Amino acid sequence: MNADPWLADTRTSYDTVAVSYADRLREALAGAPYLRAALALFADSVGASGGGPVADVGCGPGHVTAHLHGLSVDAFGIDLSPVMIDVARRDHPRLRFEVGSMTDLDLPDASVAGLLAFWSLIHVPDEAVPTVFGHFRRVLRPGGPLLLGFHVGDESRLKTQGYGGHPMHVHVHRRRPEQVAAWLRDAGFTVEAHMLTDPDGSVPGAMLFARRQS
């Protein structure tokens, strides 16, 4: 696994906050109708493309993976944090979860029917995003759908304390949808749509739908 310092910091930080993070997010989707709608649209797109395994990359405690499974998606989760994966396996024992990095996905070429990265790109520095998107394209089947969620903005900040008051050391990057879309096109994706959430709030979100080109 890549030994870049930001990866090590991210892994250690989320190992530290895993249990508190899971407790906070366990019911988060229940109060997020637009996120649920986006996930339903993604699930429909996977089905329309023929179905098959779907990778939830940066799955955290597995709540989104489980939600997709409830939408009849054959979803499995991958996360950098071993403790987060332990929590996901504890909370969702019938689903598949494994430790891995989006910078070096240990999946065969064209092996997944869809791929989701829901607010898991926020700690990836700009210079590593093309590598990540290259792996996303490699593991997706031609025509397979991709759904990204991320914070919108122009700045990065260092997060030193997180869920439950535990120490963290991760940079949180906010990005413009146009920039993320440009990186995707460069990686061989067709961008189909994007949605803004809470655009007047302090931390707007974006969801971007794309598809691997043949």
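The structure this text deals with has already been given above.
Here is a short report on the structure shown in this document. (Residues numbered from 1 in each chain as written. Predicted model: local features only at pLDDT ≥ 70, side-chain atom pairs only at ≥ 80, totals over all residues. Heavy atoms only, no water.)

The next point concerns the pairing of strand β5 (residues 145-151). Each regular strand carries side chains that alternate between the two faces of the sheet. Counting buried residues in β5 gives 6 out of 7 residues, a clear majority hidden from the surface. Sheet topology places strand β4 (residues 114-118) next to β5; 4 bridges connect them, and they run parallel. What sits directly across from Phe118, in β5, is Gly149. Handedness of the crossover joining β4 and β5 through helix α5 (residues 129-139) is recorded here as right-handed. Two elements, β5 and strand β9 (residues 205-212), share 7 bridges in a ladder whose sense is antiparallel. Residue pairing in the sheet places His151 in a bridge with Gly205 of β9. (Buried < 20%, exposed > 50% of the residue type's maximum accessible area, 1.4 Å probe, protein only. Helix = DSSP H or I, 4+ residues; strand = E, 2+ residues; numbered from the N terminus. Pairing = 2+ DSSP bridges. Right-handed = clockwise from strand over helix to strand, strands pointing away.)

What follows deals with the environment of Pro199. For Pro199, the location among the structural elements is in the loop between β8 (189-197) and β9. Under the relative-accessibility criterion, Pro199 is labelled exposed at 52%.

What follows is about the packing of aromatic side chains. Counted by the stated rule, this structure contains 4 aromatic pairs. Look at Tyr14 and Tyr21: their rings are 5.8 Å apart centre to centre, the planes differ by 90°, and that puts the pair in the edge-to-face class. The same class applies to Tyr14 as to Tyr21, namely buried. Ring plane angle 80° and centroid distance 4.7 Å describe the contact between Tyr21 and Tyr163, whose orientation is recorded as edge-to-face. Here Tyr163 lies in the loop between β6 (156-161) and β7 (167-173) and Tyr21 lies in helix α1 (residues 5-25), a separation of 142 residues in the sequence. Taken together, the ring pairs in this structure connect Tyr14, Tyr21 and Tyr163 into an aromatic cluster. Taking the ring centre of Phe76 as reference, the NZ or CZ of Arg96 above it sits at 4.0 Å. Just above the ring of Tyr163 sits the side chain of Lys159; from NZ or CZ to the centre is 5.3 Å. (Phe/Tyr/Trp six-rings, centres within 6.5 Å; stacked < 30°, edge-to-face > 60°. Lys NZ or Arg CZ within 6 Å of the ring centre and 35° of its normal.)

Turning our eyes to something else, we now look at the nonpolar core. Judged by nonpolar contacts, the single largest core of 35 residues is most densely connected at Leu115, Phe133, Phe136, Leu146, Leu148 and Leu184. Broken down by secondary-structure element, the contributors of at least two residues to this core are α1, β1 (53-57), β2 (74-79), β4, α5, β5, α6 (177-187) and β9. Aside from chain neighbours lying at most four places away, what touches Phe133 is Leu121, Leu148, Val180, Trp183, Leu184, Ala187 and Phe189. Grouped together as the second largest cluster of nonpolar side chains are 19 residues, Ala32, Val46, Val54 and Ala113 included. (Core = buried A, V, L, I, M, F, W, Y, C linked by side-chain atoms within 4.5 Å. Contact = heavy atoms within 4.5 Å.)

Quick look at the packing of α1 against helix α4 (residues 82-91) now. For the pair α1 and α4, the least separation of the axes is 7 Å and the interaxial angle reads 25°. The angle between α1 and α4 places the two elements in the roughly parallel class. Contact with α1, carried on its side by Arg11, Tyr14, Asp15, Ala18, Val19, Tyr21 and Ala22, involves Pro82, Val83, Met84, Val87 and Asp91 of α4 and no other residues of that element. Grouping the amino acids of the contact of α1 with α4 by side-chain chemistry returns 9 nonpolar, no polar and 3 charged. (Axes fitted to C-alpha atoms, helices over the stretch in contact; angles between N-to-C directions. Parallel < 35°, antiparallel > 145°, perpendicular 65-115°, else oblique. Nonpolar A, V, L, I, M, F, W, Y, C, P; charged D, E, K, R; others polar.)

Take α1 next. If you look at α1, its biggest bend is around 60°, right at Ala18. Restricting attention to buried positions, one finds in α1 the residues Trp6, Leu7, Thr10, Ser13, Tyr14, Val17, Ala18, Tyr21, Ala22 and Leu25. (Bend = angle between axes of the 7 residues up to and from the residue.)

This part covers helix α2 (residues 33-48). Compared with the 22 Å implied by 1.5 Å per residue over 16 residues, the 22 Å span of α2 between its first and last C-alpha is a close match. Here the buried face of α2 lies against β1, α3 (63-70), β4, β5 and β9. Within two residues after α2, Gly50 carries a phi angle of roughly 110°, on the positive side. (Expected span 1.5 Å × (residues − 1).)

Within this structure, the stated rule accounts for 9 salt bridges. We note a salt bridge from Arg26 to Asp91, for which the minimum N-O separation is 3.1 Å. Of this pair, Arg26 sits in the loop between α1 and α2 while Asp91 sits in helix α4, and the two are 65 residues apart along the sequence. Here Asp109 makes a salt bridge to Arg138, at a shortest N to O gap of 2.8 Å. On the criterion of sequence distance, the pair formed by Asp109 in the loop between β3 (97-99) and β4 and Arg138 in helix α5 is long-range, its members being 29 residues apart. Taken together, the shared-partner salt bridges connect Asp23, Arg26, Arg90 and Asp91 into one network. (Salt bridge = Lys/Arg side-chain N within 4 Å of Asp/Glu carboxyl O.)

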